[in-house]
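# Commentary on secondary and tertiary structure
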Amino acid sequence: MNDNNILAVVLAGGKSKRFGQDKNCVKLGSRTLLEHVLLKIVDKFKEILIVSSNSLEIEEIKKITVIPDCFNDLGPLAGVLSSMKWIKKNNKPYKWIATFPSDTPFFDISIIDEYKTRIEQSESSLYFVKSNEKRHNIFGLWSIDLLERLEEDLIKNNYRKVEEWANKVGVSTIDIKIKNYDPFFNINTKEDLEVAQSILNLEKNDCL
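Residues numbered from 1 in each chain as written. Predicted model: local features only at pLDDT ≥ 70, side-chain atom pairs only at ≥ 80, totals over all residues. Heavy atoms only, no water.

## Things to note about the packing of helix α4 (residues 147-155) against helix α5 (residues 162-169)
The condition that has to hold: Think of each axis as a best-fit line through the C-alpha atoms, taken over the contacting stretch in the case of a helix, with angles from 0 to 180 degrees between the N-to-C directions. In this description a helix means any DSSP run of H or I spanning at least four residues, a strand means any run of E spanning at least two, and both kinds are numbered starting from the N terminus. What sets the label is the angle itself: under 35 degrees gives roughly parallel, over 145 gives roughly antiparallel, 65 to 115 gives roughly perpendicular, and the rest give oblique. Crossings are sorted by hand: turned counterclockwise from the far helix by less than a right angle, the near helix makes the crossing left-handed, and turned clockwise it makes it right-handed. Contacts between residues were defined by any pair of non-hydrogen atoms, one from each residue, lying within 4.5 Å. Side-chain classes follow a simple rule in which Ala, Val, Leu, Ile, Met, Phe, Trp, Tyr, Cys and Pro form the nonpolar group, Asp, Glu, Lys and Arg form the charged group, and the remainder, Gly included, forms the polar group.
Two numbers describe how α4 lies on α5: the axes approach to 12 Å, and their chain directions differ by 130°. Classified by the interaxial angle, the pair formed by α4 and α5 is oblique. Where α4 crosses over α5, the two elements pack in a sense that is right-handed. Between α4 and α5, the residues in contact are Arg 149, Leu 150 and Asp 153 and Trp 165, Lys 168 and Val 169, respectively. Its residues assigned to classes, the contact of α4 with α5 comprises three nonpolar, no polar and three charged.

Right under this line is the structure:
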């Protein structure tokens, strides 16, 4: 399979209401949460799209493009739709997008190889990651063929929740086994950030 079939998309447009400030710019160790995510995927994809209407301060890298949501305040589904419409508008060759949340710094990059395997199997047009019996609805692999259906459901049928829309269209899961902690743990509050700092310290110690 041609790896260029997948566009990496980082969904970074959330309001961060529970955290109290834009999480994308919050530091975990020496890097922001967004930088942690980008560092994991920058060498895995030909091109990365960040969807955010927020002001982001990131290092300028040729393969990374930042675009705003096509619709404000409509949630992650609008970010997914924005990326699909960007592919069509710019005549990009991608047939799939792989979505990553900007607030989950420890995710297992082995899912990227799993995505490639699922594309070859051609058994579904939508996949979400599942770990410890929990489905992670932002870690997804989405076929571009879903664009028109997503746009109609988002605009005309008022779907807002990723989980509800995915259940409607049909979604398969990619099960990931976890060891000490769930690597798909996401940071929603200041308390979560403290937990993340503890995990980061443990990872550093394991590397010593």
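## Overview of the packing of aromatic side chains
So the rule is basically this: Centres within 6.5 Å are what make two rings of Phe, Tyr or Trp a pair, Trp counting through its six-membered ring; a difference in plane orientation under 30 degrees is then read as stacked, over 60 as edge-to-face, and the rest as tilted. Accessible area is worked out with a 1.4 Å probe on protein chains only. A residue is then buried under 20% of its type maximum, exposed over 50%, and partly exposed in between.
Evaluation of the coordinates by the stated rule reveals nine aromatic pairs. Ring geometry for Phe 106 versus Tyr 181: centroids 6.0 Å apart, planes at 75°, classification edge-to-face. Remark: Tyr 181 occurs in the loop between β9 (172-176) and α6 (190-207) and Phe 106 occurs in the loop between β6 (96-101) and α3 (110-121); sequence separation between them is 75 residues. Here Tyr 181 falls in the partly exposed class, since its relative accessible area comes to 26%. On the basis of an interplanar angle of 65° and a centroid distance of 5.5 Å, the ring pair of Phe 128 and Trp 142 is categorised as edge-to-face. One end of the pair, Phe 128, is in strand β7 (residues 126-131); the other, Trp 142, is in strand β8 (residues 134-143), with 14 residues separating them in the sequence.

## Focus on the pairing of β6
Under the convention used in this document: At least two bridges found by DSSP between two strands is the condition for calling them paired.
Here β6 lies mainly inside the structure; six of its six residues are buried. Burial along β6 is two-sided: Trp 96, Ala 98 and Phe 100 facing one way and Ile 97, Thr 99 and Pro 101 facing the other are all buried. Pairing between strand β1 (residues 6-11) and β6: six bridges, direction parallel. The residue bridging Ala 8 from the neighbouring strand is Ala 98, located in β6. Pairing of β6 with β8 involves four bridges; the strand directions are antiparallel.

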